[in-house]
Amino acid sequence: MVPVADAERCPQNHRCPLLEVCPVGAISQEGFALPVVDPDRCIECGACVAQCRMGAMRRD
């Protein structure tokens, strides 16, 4: 299952560090908005879920 960012846990006040964590570049972010995972590019490796310090990235 493709991860999604939880708006209540993500501070949305900085560039998301998970952009650099994703091995296939499936995470994008407009400005400081909530990061979005592209389901067509995501390989469901779980790196973003494991590395999110805020616990905002989760699999539904």
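See the structure printed just above.
Residues numbered from 1 in each chain as written. Predicted model: local features only at pLDDT ≥ 70, side-chain atom pairs only at ≥ 80, totals over all residues. Heavy atoms only, no water.

1. Observations concerning the environment of Pro-23
In step 1: Checked against the element boundaries, Pro-23 lands in the loop between α1 (18–21) and β2 (27–28).
In step 2: With 16 residues separating them in the primary sequence, Pro-23 and Ala-7 have C-alpha atoms 23 Å apart.
In step 3: Setting aside anything within four residues of it in sequence, one finds Pro-23 in contact with Ile-43 and Cys-45. (Helix = DSSP H or I, 4+ residues; strand = E, 2+ residues; numbered from the N terminus. Contact = heavy atoms within 4.5 Å.)

2. Structural notes on unusual backbone geometry
In step 1: In this model, Gln-12 sits at a positive phi of 50°, which is unusual for a non-glycine residue.
In step 2: Looking at where Gln-12 falls in the secondary structure, it is placed in the loop between β1 (3–5) and α1.
In step 3: The exposure class assigned to Gln-12 is partly exposed, which follows from its relative accessible area of 30%.
In step 4: Even without a glycine there, the phi angle at Glu-44 is positive, about 55°.
In step 5: For Glu-44, the location among the structural elements is in the loop between β3 (36–37) and α2 (47–51).
In step 6: A relative accessible area of 39% means that Glu-44 is categorised as partly exposed. (Buried < 20%, exposed > 50% of the residue type's maximum accessible area, 1.4 Å probe, protein only.)

3. Focus on the environment of Cys-10
In step 1: Residue position: Cys-10 is located in the loop between β1 and α1.
In step 2: Residue contacts for Cys-10: discarding those within four places in its chain leaves Leu-34, Pro-35 and Ala-56.

4. A few points about the state of the cysteines
In step 1: Following the criterion strictly, the structure yields 0 disulfides and no others.
In step 2: The thiol sulfur of Cys-10 is not disulfide-bonded, and the nearest other cysteine sulfur, from Cys-16, lies at 6.1 Å.
In step 3: For Cys-42, which is in no disulfide, the shortest distance to another cysteine sulfur is to Cys-48 and amounts to 6.3 Å. (Disulfide = S-S within 2.5 Å.)

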